[in-house]
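Residues per chain, in single letters:
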Amino acid sequence: MRALAWLLTTTAAVAARLWDDDPERGDVPGWVMITVMTAALVLAILVPFREAIVSAVQNALASVTSGG
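Please read these numbers as outputs of a predicted model, since none were measured by experiment.

Q: Requested: an account of the overall build of the protein chain, with residues and values cited.
A: Helix and strand content of the protein chain: three helices and zero strands. Listed by position from the N terminus, the elements making up the protein chain come as α-α-α. Buried positions account for 1% of the 68 residues belonging to the protein chain. Just so you have it, the protein chain exposes about 6500 Å², and 70% of that area is on carbon and sulfur atoms.

Q: Quick rundown of the UniProt feature "transmembrane region" (unreviewed entry) in the protein chain? Include the residues and the values.
A: Within this structure's numbering, the places UniProt gives as "transmembrane region" (unreviewed entry) are residues 31–49. Overall, residues 31–49 shows 84% helix and 0% strand. The separation of its end C-alpha atoms is 27 Å.

Q: Help me get a handle on a nonpolar patch on the surface, residues and values and all.
A: A cluster of nonpolar side chains, namely V42, L43, I45, L46, V47, F49, I53, V57 and L61, defines an oily patch on the protein surface of about 840 Å² accessible area. Looking at the nonpolar patch, the elements that each hand over two or more residues are α2 (28–46) and α3 (50–66). Using a relative accessible area of 52% as the deciding quantity, one classes L43 as exposed.

Q: Give a description of the confidence of the model for the protein chain that names residues and reports values.
A: Taken over all residues, the pLDDT of the protein chain has a mean of 82, while the share at 70 or more is 79%. At the level of individual helices and strands, the protein chain shows its lowest average pLDDT in helix α1 (residues 2–18), which scores 76, and its highest in α3, which scores 93.

The rules we used
- Residues numbered from 1 in each chain as written.
- Predicted model: local features only at pLDDT ≥ 70, side-chain atom pairs only at ≥ 80, totals over all residues.
- Heavy atoms only, no water.
- Helix = DSSP H or I, 4+ residues; strand = E, 2+ residues; numbered from the N terminus.
- Buried < 20%, exposed > 50% of the residue type's maximum accessible area, 1.4 Å probe, protein only.
- Areas by Shrake-Rupley, 256 points an atom, 1.4 Å probe, with all protein chains shown as cover.
- UniProt positions renumbered as here; feature names shortened; annotations may be inferred.
- Patch = residues over 30% accessible without salt bridge, like charges linked within 9 Å, V, L, I, M, F, W, Y side chains within 5 Å.
- Salt bridge = Lys/Arg side-chain N within 4 Å of Asp/Glu carboxyl O.
- pLDDT = per-residue confidence, 0-100.

Below, the structure written as structure tokens:
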């Protein structure tokens, strides 16, 4: 009987923690969606403009390292 009471208490505690509307918990699916969309935007910009971006970065680094 004691094991059953422990099991019910543990199950209730886990259920309360999973379904609790804690405002400090955050929105995990929202953050996942933002991360995936950001990665997609980076790829969408990088793929067609790769040569221009590489050239711009190389020119910027060359101007900094050559001093002029």
